[in-house]
Amino acid sequence: MKKVILALIAITAIALVGCKDKNAPKDEANLVVYGKIFTAENNTIADAFVVKDGKFVYVGDADGAKKYEKQGFTVIDHRDKGIIIPGCYEGHAHYLMANGIKLMGGPAPSIKTTVPEFLQMVKTAYDQAKAAGKSSIYGFGWMYQAFFVEGMPTRQQLDSICPDIALFVNDSEVHKGLANTLCLQNAGIIDKDGKVLISTIRGGEICMDSVTKTPTGLLLEQAGTYVRTRGIDFNEIFPASLAQTAVEQSQKQLLSQGFVSYMDGWSNVFGTNAFYDGAKSLDRDGKLHILLGMSYEFESSCEDVAAELKKAEQTKKYTGGHINANYVKIFMDGTVESGTGLTTEPYQVSEFGHGMANWEESEVTQITRTANNNGMTMHIHTMGDAAVNRAVNAFVASNHPELRNTAVHCRNVSQEDFQRMAQNNIVAVSGMLWHGMGQEVADVLNAILPKNYKGKAYPMASYFNAGAVVTSHCDYPATSGSSTDPFGIMEIAVSGQMHADGALTPVFWKDELISREQALQALTINGAYQMHVEAERGSIKVGKYADFVLADKDVLTCPVADIHNTQVVATYFEGKEVYKK
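Residues numbered from 1 in each chain as written. Predicted model: local features only at pLDDT ≥ 70, side-chain atom pairs only at ≥ 80, totals over all residues. Heavy atoms only, no water.

Engineer: Can you walk me through the pairing of strand 24 (residues 568-573) in this structure?
Structural biologist: Looking along a regular strand, one sees side chains alternate from face to face of the sheet. Across the 6 residues that make up strand 24, a large majority, 5, are buried. As paired elements, strand 23 (residues 548-551) and strand 24 share 4 bridges and run antiparallel to each other. Within strand 24, the position partnered with A551 by the bridge is V568. The pairing of strand 24 with strand 25 (residues 576-580) spans 4 bridges and is classified as antiparallel. In the strand pairing of strand 25, T571 is matched with Y579. Linking strand 24 to strand 25, which pair antiparallel, is a turn of 2 residues; within it E574 sits at a positive phi near 55 degrees. (Buried < 20%, exposed > 50% of the residue type's maximum accessible area, 1.4 Å probe, protein only. Helix = DSSP H or I, 4+ residues; strand = E, 2+ residues; numbered from the N terminus. Pairing = 2+ DSSP bridges.)

Spelled out as structure tokens, the structure:
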């Protein structure tokens with residue numbers, strides 16, 4: 001009965017516009033699509049929809065759609081071929097940064113690279129930069145845990161390969177970095193004689209040699225960002241033309257995975273507005289086929305918070321078309337897995353203490369109030385439970401629920417904060433794929449993390465139980481080696497298991513498993529809510545933009561362990577096919 005009512009409502013709405021004759025609606029659809037359709041509207045299933053001028057004009061049963069079939073219309077029959085879902089939303093990642101790094105040609109080791117292999121990559125990058133007359137090299141991708149065991153490369157080793165070009169290489173999480181001497185000099189950490197000028201950075205650590213008391217070249221958290229943004233000349237190695245190409249390449253990746261919207265977690269990552277300009281240029285040319293959220297980030301080590309907030313406000317001019325640049329990003333803490341996430345109880349490794357706080361709560365409250373009063377939404381990296389609590393306190397104090405301030409990652413959230421998120425319109429952007437983990441990793445973390453974190457990680461079910469809005473993110477490329485597509489993420493969220501070395505890991509944190517429908521809700525309509533577009537996108541509903549995905553498996557009924565094998569057949573944005581397998 002519900003499908004019949006939906007069909008009648010849709011047909012009546014269209015007919016009111018006017019008719020060619022008494023039997024056919026005036027507004028003819030561009031597409032007639034048949035199949036099993038998850039609408040993301042109260043988990044309802046439809047059999048067909050019709051698209052006209054980029055929007056859904058009919059959603060209902062197959063019989064109701066047939067009358068829209070006319071000569072020249074495109075009919076897509078996806079019955080018994082899988083499922084059709086709304087276009088998916090990526091709530092936080094770094095595709096622009098990752099593709100930008102690739103284009104810069106710096107060393108790009110994989111997470112399994114050894115130290116000798118890494119140093120050889122640095123040598124290759126140096127030879128290329130030297131031949132091109134470059135003054136800086138920037139790379140990304142080494143694994144902190146592996147290097148820590150092997151013995152971390154020192155700046156002296158880097159100097160022996162790269163003596164006269166500033167070099168900085170981030171790890172795979174972009175929370176740690178390795179710099180050579182020239183880069184440290186450019187950043188004002190040491191002078192040309194090797195004298196230490198700056199030994200501490202708020203929210204980070206400049207690692208020191210225990211004998212010489214000088215920097216080793218290893219930089220943690222905000223110390224790495226401080227040095228990278230001052231020690232490397234990104235204006236030279238990352239011109240605007242590369243930025244536009246990086247946006248295009250990121251878009252291609254996302255569309256191939258079924259994403260029609262992406263929230264970029266650090267749009268001024270190289271200290272410039274190149275990505276903003278590149279994205280705007282593409283949108284003006286009609287080549288931006290995703291919704292793009294862009295955030296201006298600044299560090300706790302910045303000299304002038306008020307000045308940074310003014311710079312952030314200036315990026316609002318890029319908002320329009322398919323771009324929403326009304327976001328301010330800060331880091332509340334580091335990462336729980338490396339001992340720098342801010343926790344209520346202490347880590348079991350005494351030297352970690354309670355982790356690392358980048359800001360005082362009062363400071364975050366003031367930053368949030370200023371940003372919110374200027375119409376900008378906060379997008380805060382919050383890993384540990386204490387960091388989440390500080391962000392929630394700041395959001396509540398600012399009292400701008402309409403702006404949907406966002407907490408990203410959110411490990412081990414307290415029950416009180418789940419409720420406050422729901423009550424104050426705070427969006428939680430969660431790494432659903434981090435909900436599961438292998439037993440070996442879990443055992444290591446259980447020996448390091450606070451005791452109340454044992455057997456726990458990134459919650460999901462608790463958000464739904466509290467009525468809070470939770471969305472999905474993969475944090476690419478920081479989670480290299482894990483799923484980045486919606487279906488791989490979905491499987492982990494509903495099963496608590498990961499595929500590793502050809503086998504499934506044990507089920508992790510059963511209490512936080514969610515249903516398939518909830519996972520799709522987090523990936524679709526909730527993502528649209530985060531992006532402030534739920535009234536016009538995020539579900540398959542009459543009047544909304546026709547953003548949808550054809551998948552080759554029915555992820556609502558196929559074996560759970562097979563969900564991750566689902567492939568995107570095609571992605572449509574505003575009624576147009578923008579990706580086809």
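Engineer: Looking at this structure, I do not really get the state of the cysteines. What am I missing?
Structural biologist: The bond known as a disulfide is covalent and runs between the sulfur atoms of two cysteines. All chains considered together, the criterion is met by 0 disulfides. Left without a disulfide partner, C410 is nearest to the cysteine sulfur of C474, which lies 16 Å away. With relative accessibility at 0%, the residue C410 sits in the buried group. (Disulfide = S-S within 2.5 Å.)

Engineer: What's the story with the pattern of salt bridges in this structure? I'm lost.
Structural biologist: Two side chains carrying opposite charge are able to pair once their charged atoms lie near each other. Within the structure shown, the criterion is met by 19 salt bridges. A salt bridge links K176 to D171; the shortest N-O distance between them is 3.4 Å. Both residues of the pair, K176 and D171, count as buried. Here the residues in one salt-bridge network are D171, E173 and K176, joined through shared partners. (Salt bridge = Lys/Arg side-chain N within 4 Å of Asp/Glu carboxyl O.)

Engineer: Help me out: how do you make sense of the packing of helix 3 (residues 95-104) against helix 10 (residues 240-256) in this one?
Structural biologist: Describing two packed helices takes the angle between their axes plus the distance from one axis to the other. At their nearest, the axes of helix 3 and helix 10 sit 8 Å apart, and the two run at 125 degrees to each other. The pairing of helix 3 with helix 10 is recorded here as oblique in orientation. Crossing handedness for the pair helix 3 and helix 10: right-handed. Each of Y95, L96, N99, G100 and L103 in helix 3 lies in contact with helix 10, whose residues at this interface are L242, T245, A246, V247, Q249, S250, Q253 and L254. Residue classes in the contact of helix 3 with helix 10 are distributed as 7 nonpolar, 6 polar and no charged. (Axes fitted to C-alpha atoms, helices over the stretch in contact; angles between N-to-C directions. Parallel < 35°, antiparallel > 145°, perpendicular 65-115°, else oblique. Left-handed = near helix turned anticlockwise from the far one by under 90°. Contact = heavy atoms within 4.5 Å. Nonpolar A, V, L, I, M, F, W, Y, C, P; charged D, E, K, R; others polar.)

Engineer: Explain helix 15 (residues 415-423) to me, please; I cannot follow it from the model alone.
Structural biologist: Owing to its 3.6 residues per turn, the α-helix brings residues three or four apart onto one side. Residues of helix 15 that are buried: D417, F418, R420 and M421. The buried residues of helix 15 occupy an angular sector of 170 degrees when projected down its axis, which confines them to one face. Those residues of helix 15 that are exposed and aimed more than 90 degrees away from the buried face are Q415, E416 and Q423. Contacts from the buried residues of helix 15 go to helix 14 (385-398), strand 18 (406-409), strand 19 (427-430) and helix 17 (461-466). Taken from the residues just after helix 15, N425 is the one with a positive phi, measuring 60 degrees. (Arc of directions from axis to C-beta.)

Engineer: Whenever I open this one, the pairing of strand 23 confuses me. Can you help?
Structural biologist: With burial as the criterion, each face of strand 23 is covered, one bearing F548 and L550 and the other bearing V549 and A551. As judged from the 4 bridges shared by strand 7 (residues 83-86) and strand 23, these two strands associate in the antiparallel manner. Each bridged residue has a counterpart across the sheet, and for I84 the counterpart in strand 23 is L550.

Engineer: Before we go on, may I ask you to explain the side chain of D385 in this structure?
Structural biologist: If you trace the backbone, D385 turns up in helix 14. The side chain of D385 sits in the buried core without any salt bridge; R411 is the nearest counter-charge, 8.7 Å away. Reaching out from D385, the side chain makes a polar contact with the side chain of T344 at a distance of 2.8 Å. Not counting residues within four places of it along the chain, the set of residues in contact with D385 comprises L342, T343, T344, R411, N412, N452 and Y453. (Lys, Arg positive; Asp, Glu negative; His and termini not counted. Polar contact = N/O pair within 3.5 Å; in protein donor to acceptor, adjacent residues only side chain to side chain.)

Engineer: Mind showing me how you'd approach unusual backbone geometry here?
Structural biologist: Peptide bonds are trans in most cases, and residues, glycine excluded, mostly fall at negative phi. The amide bond that connects Y476 to the next residue, P477, takes the cis arrangement and shows omega of 5 degrees. Residue placement: P477 occurs in the loop between strand 20 (470-472) and helix 18 (486-495). If you check the backbone angles, N42 has positive phi at about 55 degrees while not being a glycine. Along the chain, the position of N42 falls in the loop between strand 3 (31-38) and strand 4 (45-52). The backbone of D80 shows a phi angle near 65 degrees, a positive value even though the residue is not glycine.

Engineer: I would appreciate a short explanation of helix 10 in the present structure.
Structural biologist: Its 17 residues give helix 10 an end-to-end C-alpha distance of 25 Å, which sits within 8% of 24 Å, the value for a rise of 1.5 Å per residue. Residues of helix 10 that are buried: A243, A246, V247, S250, Q251, L254 and L255. Considered in projection along helix 10, the buried side chains sweep an arc of 160 degrees and stay on one side of the axis. In helix 10, the exposed positions that point more than 90 degrees away from the buried face belong to S241 and K252. In this fold, the buried residues of helix 10 make contact with strand 8 (88-93), helix 3, strand 14 (259-264), helix 11 (274-284), strand 24 and strand 25. Positive phi shows up at G258, right after helix 10, with a value of about 95 degrees. (Expected span 1.5 Å × (residues − 1).)

Engineer: Is there a simple way to think about the nonpolar core in this case?
Structural biologist: Within soluble globular proteins, side chains that are nonpolar generally end up buried alongside one another. In this structure, V227, F270, F275 and M421 are the most contacted members of the largest nonpolar core, which totals 131 residues. Here this core gets 7 residues from one element, more than from any other, and that element is helix 14. Those residues in contact with F270 that sit more than four places away from it in its chain are M97, G100, I101, M104, Y138, F234, F238 and F275. One finds V115, F118, A129 and V169 within the second-largest nonpolar core, a separate group that totals 22 residues. (Core = buried A, V, L, I, M, F, W, Y, C linked by side-chain atoms within 4.5 Å.)

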